[in-house]
Amino acid sequence: MMVVMMVMMACMVTTAAGMSDHVPLEACKSMIPEGHGAGAQTSRPPYTLSAQSNALATGPQVTVQLEGLGSGAKFKGFFVRAFDSSSGSSLGSFTRAPKTIDCDGQASGAHHANPDPKRSVTLTWVPPPGYTGSVIFLATVVQYSEGVLDSTLNPIP
């Protein structure tokens, strides 16, 4: 199986409060919680989103890690999804995550389970059987109750 992965990460700061233990279903389309009304932050995000593919006897899986850069880069919430890079269609499912949401399929999004500050989170994503295309992971990060971080393209080395 050949899966090419890319990661999206960028920043948007806002003054609205984040959800404490879930991502609303309405956020599935835009990846941005409604009602925040802020534009993208122009500075580099204090987080990295990385992915590594692993071939197992039970089938392929991808380990996705969201991590703060530096000692003070914690976050309270996150929302991660995977998309086909050609069609933009959501695909696959998360088999390891604090919580999942059924956006365009079962467990097609992964998100936080509580607002406790986190330095990193590790997720496991599984592509559809036989999938051989390129995957883009998108993440939205709630840095603190008044800040939301959204996404821009960074290929995985």
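Residues numbered from 1 in each chain as written. Predicted model: local features only at pLDDT ≥ 70, side-chain atom pairs only at ≥ 80, totals over all residues. Heavy atoms only, no water.

A. Local environment of the overall build of the protein chain. Each helix and strand counted, the protein chain has one helix and 13 strands in total. Listing every helix and strand of the protein chain by position from the N terminus yields β-β-α-β-β-β-β-β-β-β-β-β-β-β. Within the protein chain, the proportion of its 157 residues that are buried is 41%. Here the protein chain has roughly 7800 Å² of accessible surface; of this, 53% comes from carbon and sulfur atoms. (Helix = DSSP H or I, 4+ residues; strand = E, 2+ residues; numbered from the N terminus. Buried < 20%, exposed > 50% of the residue type's maximum accessible area, 1.4 Å probe, protein only. Areas by Shrake-Rupley, 256 points an atom, 1.4 Å probe, with all protein chains shown as cover.)

B. Focus on the nonpolar core. In terms of nonpolar packing, the biggest core is built from 22 residues, with Val64, Leu66, Val80, Leu123, Trp125 and Phe137 touching the most fellow members. For this core, the secondary structure elements donating two or more residues are strand S4 (47-56), strand S5 (59-68), strand S6 (77-84), strand S10 (120-126) and strand S11 (134-144). Per-element tally for this core: the top contributor is S11, with four residues. Every residue in contact with valine 64, bar those within four places of it in the chain, is listed here: Leu49, Ser50, Ala51, Val80, Val121, Thr122, Leu123, Trp125 and Phe137. Ranked by size, the runner-up nonpolar core spans 10 residues in total, among them Val23, Ala27, Met31 and Ile101. (Core = buried A, V, L, I, M, F, W, Y, C linked by side-chain atoms within 4.5 Å. Contact = heavy atoms within 4.5 Å.)

C. A look at the side chain of serine 108. Within the secondary structure layout, serine 108 lies in the loop between strand S8 (99-101) and strand S9 (109-111). According to the relative accessible area criterion, serine 108 is buried, its value standing at 1%. Each residue touching serine 108, except ones within four places of it in the same chain, is listed here: Val80, Arg81, Ala82, Ser90, Gly92, Phe94, Ile101, Asp102 and Cys103.

D. Up close: the confidence of the model for the protein chain. Here the protein chain averages 75 in pLDDT, and 69% of its residues register 70 or above. Contacts of residues 9-18 to residues separated by more than four positions or lying in other chains number 51 contacts, the stretch itself having pLDDT below 50. (pLDDT = per-residue confidence, 0-100.)

E. Seen up close, unusual backbone geometry. In this structure, alanine 107 is a non-glycine residue whose phi angle is positive, near 55 degrees. Mapping alanine 107 onto the fold places it in the loop between S8 and S9. Classification of alanine 107 by relative accessible area gives buried; the value is 10%.

F. Seen up close, the packing of aromatic side chains. Under the defined criterion, the tally for this structure stands at three aromatic pairs. Aromatic side chains phenylalanine 75 and phenylalanine 78 sit 6.3 Å apart centroid to centroid with 90 degrees between the ring planes, which places their arrangement in the edge-to-face category. Judged by relative accessible area, which is 0%, phenylalanine 75 ranks as buried. Grouping aromatic residues by their ring pairs yields a cluster made of Tyr47, Phe75 and Phe78. (Phe/Tyr/Trp six-rings, centres within 6.5 Å; stacked < 30°, edge-to-face > 60°.)

G. Structural detail: the state of the cysteines. By the definition in use, this model includes one disulfide. Linked covalently through their sulfurs, cysteine 28 and cysteine 103 form a disulfide whose S-S length is 2.0 Å. Negative torsions about the S-S bond denote left-handed disulfides, and the value of about -65 degrees found for cysteine 28 with cysteine 103 makes this one left-handed. With cysteine 28 in helix H1 (residues 27-30) and cysteine 103 in the loop between S8 and S9, this pair connects stretches of sequence that are 75 residues apart. Exposure remark for cysteine 103: the relative accessible area of 17% places this residue in the buried category. (Disulfide = S-S within 2.5 Å.)

H. Structural context of the pattern of salt bridges. Tallying each qualifying case throughout the model produces one salt bridge. Aspartate 104 is the partner of arginine 81 in a salt bridge, and the nearest nitrogen-oxygen pair spans 2.7 Å. With arginine 81 in strand S6 and aspartate 104 in the loop between S8 and S9, this pair connects stretches of sequence that are 23 residues apart. With a relative accessible area of 1%, arginine 81 lands in the buried category. The exposure class of aspartate 104 is exposed, given its relative accessible area of 59%. (Salt bridge = Lys/Arg side-chain N within 4 Å of Asp/Glu carboxyl O.)

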